[in-house]
Amino acid sequence: MDAVLSGRVVQRGDKLDLTLELIDVKEYSQIWGESYKRTMADLITVQDEIVGEVRKAIKPDAAKSGNEVDKAQTNNPAAYRLYLQGKYYWNKRTGPDLERALNFYHQAIALDNDFALAHLGLAETYLLQGQYSDKRSEDVMALASKEATRSLEIDNSLGQAHAALGMIREREWDWGGAEQEFKLAIEKAPDYATSYHWYFIFLGIMGRSEEGFAVMKKGAELDPYSPIVLVNLAEAYMEKQDYDTADAILQKVLDIDPQFFFANLWRAAILKDQGKTKEGIEQLDKISLSGLPSLSLGFVAHYFGALGQSSKSRMILKMLLNDPKGQQPDPVAVAMVYSGIGNADSTITWLQQALAQQPKSSTLPTTRSWSEFNLIHKDPRYLEILHKMGL
């Protein structure tokens, strides 16, 4: 990353004051700076104006990029502001925040039913609800597919929608279709970090970790302030055992959002791998279990077990298996607990249960790249599971 665009936005009633500057991070010098006084009605058009000015500052003689969006996705500033609020909560990656995101996206669509990005926002949020809210897979997948398709019906040039379709194909275990959609997303919307982030996950499933590392680095360059993008970049460095770099990235995430679950979890994982058992346990103890979905509980229990705290691990396992609402846990989450305490047979049993699920388990394929399952990665029974998934 050579430069960073930073700024300040002040709203007074309907008035907007924007002050921005483009900083050369190597020379610590200003490349470009400008102030804008606009109204809320100008919120959409001023963004295109800023992009144009920044492009001129970087390449004064450059022609307009073919990647630039030529038309606004909505002419309604209120709808656009609601969309931005939805995107903010979507990035926080918790069950309650995803519900807030859905609410804002629905409000945006109520103001402009042909707002393609808001429909895509719904699709992306539904895709996350299985993992972060324990929503029934068939319910959220159907809704995600409907909204992603709707966004493309409105604007068939919306490359970002193909990333959502790629994730849908991945969860259907349609590996060829998934990769085709991810590549199309990157081709049509090369500046959309989520496409690279989700393609990175897919490449991990395919066992193409080196390719995935390069893809994830590109995604983080495009969105260096997204907690989830940075967390996955840290994970990629952890796979390379570059713990110093991974920890520095996680610290950046925690500076943005001190409660971000996976940043705190991976800190504990790094400490475990470095043999710092006491510090790792202390780090896990900082994580509140209240309201966590089953997969997140499985991660915490796994690391408690791996750090020698099997009693805490089994306590969380009991929580998973005896949900007060009667909700069934993700079998992969339960398998992860058993993997943490070194019980290979029970790990395989629960993964086989995930294999038998209908509709197809969205988390089972990712176990191929998760180090939490190193215990059974070479087990013939696990290799048979991969074979049955077409991997």
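Residues numbered from 1 in each chain as written. Predicted model: local features only at pLDDT ≥ 70, side-chain atom pairs only at ≥ 80, totals over all residues. Heavy atoms only, no water.

Moving on to the packing of helix 6 (residues 160-171) against helix 8 (residues 193-205). Two numbers describe how helix 6 lies on helix 8: the axes approach to 9 Å, and their chain directions differ by 20 degrees. The angle between helix 6 and helix 8 places the two elements in the roughly parallel class. Along this stretch, helix 6 crosses helix 8, giving a crossing that reads as left-handed. Contacts between helix 6 and helix 8 involve A163, A164, M167 and E170 from the former and S195, W198, I201, F202 and I205 from the latter. Considering only residue class, the contact of helix 6 with helix 8 consists of seven nonpolar, one polar and one charged. (Axes fitted to C-alpha atoms, helices over the stretch in contact; angles between N-to-C directions. Helix = DSSP H or I, 4+ residues; strand = E, 2+ residues; numbered from the N terminus. Parallel < 35°, antiparallel > 145°, perpendicular 65-115°, else oblique. Left-handed = near helix turned anticlockwise from the far one by under 90°. Contact = heavy atoms within 4.5 Å. Nonpolar A, V, L, I, M, F, W, Y, C, P; charged D, E, K, R; others polar.)

Another point: unusual backbone geometry. Glycine aside, residues mostly have negative phi angles, and peptide bonds mostly take the trans form. Following Q358, the chain continues into P359 via a peptide bond in cis, with omega recorded as -5 degrees. Examined against the element boundaries, P359 turns out to sit in the loop between helix 17 (344-355) and helix 18 (380-388). The residue R93 is not glycine, and still its phi comes out positive at about 60 degrees. Mapped onto the fold, R93 is located in the loop between helix 2 (77-90) and helix 3 (95-111). A relative accessible area of 6% means that R93 is categorised as buried. With phi around 65 degrees, W173 is a residue other than glycine that occupies positive phi space. (Buried < 20%, exposed > 50% of the residue type's maximum accessible area, 1.4 Å probe, protein only.)

On to the packing of aromatic side chains. A full pass over the atoms with the stated rule returns 16 aromatic pairs. Geometrically, the ring pair formed by Y83 and F115 is tilted, given 5.5 Å between the ring centres and 55 degrees between the ring planes. With Y83 in helix 2 and F115 in the loop between helix 3 and helix 4 (116-133), this residue pair connects regions lying 32 residues apart in the sequence. Measuring from centroid to centroid gives 5.7 Å for W266 and F299, while their planes differ by 90 degrees, and the two rings are edge-to-face. Of the two residues, W266 is situated in helix 12 (residues 261-273) and F299 in helix 14 (residues 294-306); the sequence distance between them amounts to 33 residues. Pair check on accessibility: W266 and F299 agree, each one buried. Among the aromatic residues, ring-to-ring pairing joins F261, F262, W266, F299 and W370 into one connected group. Positioned over the ring face of W90 is K87, at 4.4 Å from the centre of the ring. Above the ring of Y225, the side-chain terminus of K252 is found at 4.8 Å from the ring centroid. (Phe/Tyr/Trp six-rings, centres within 6.5 Å; stacked < 30°, edge-to-face > 60°. Lys NZ or Arg CZ within 6 Å of the ring centre and 35° of its normal.)

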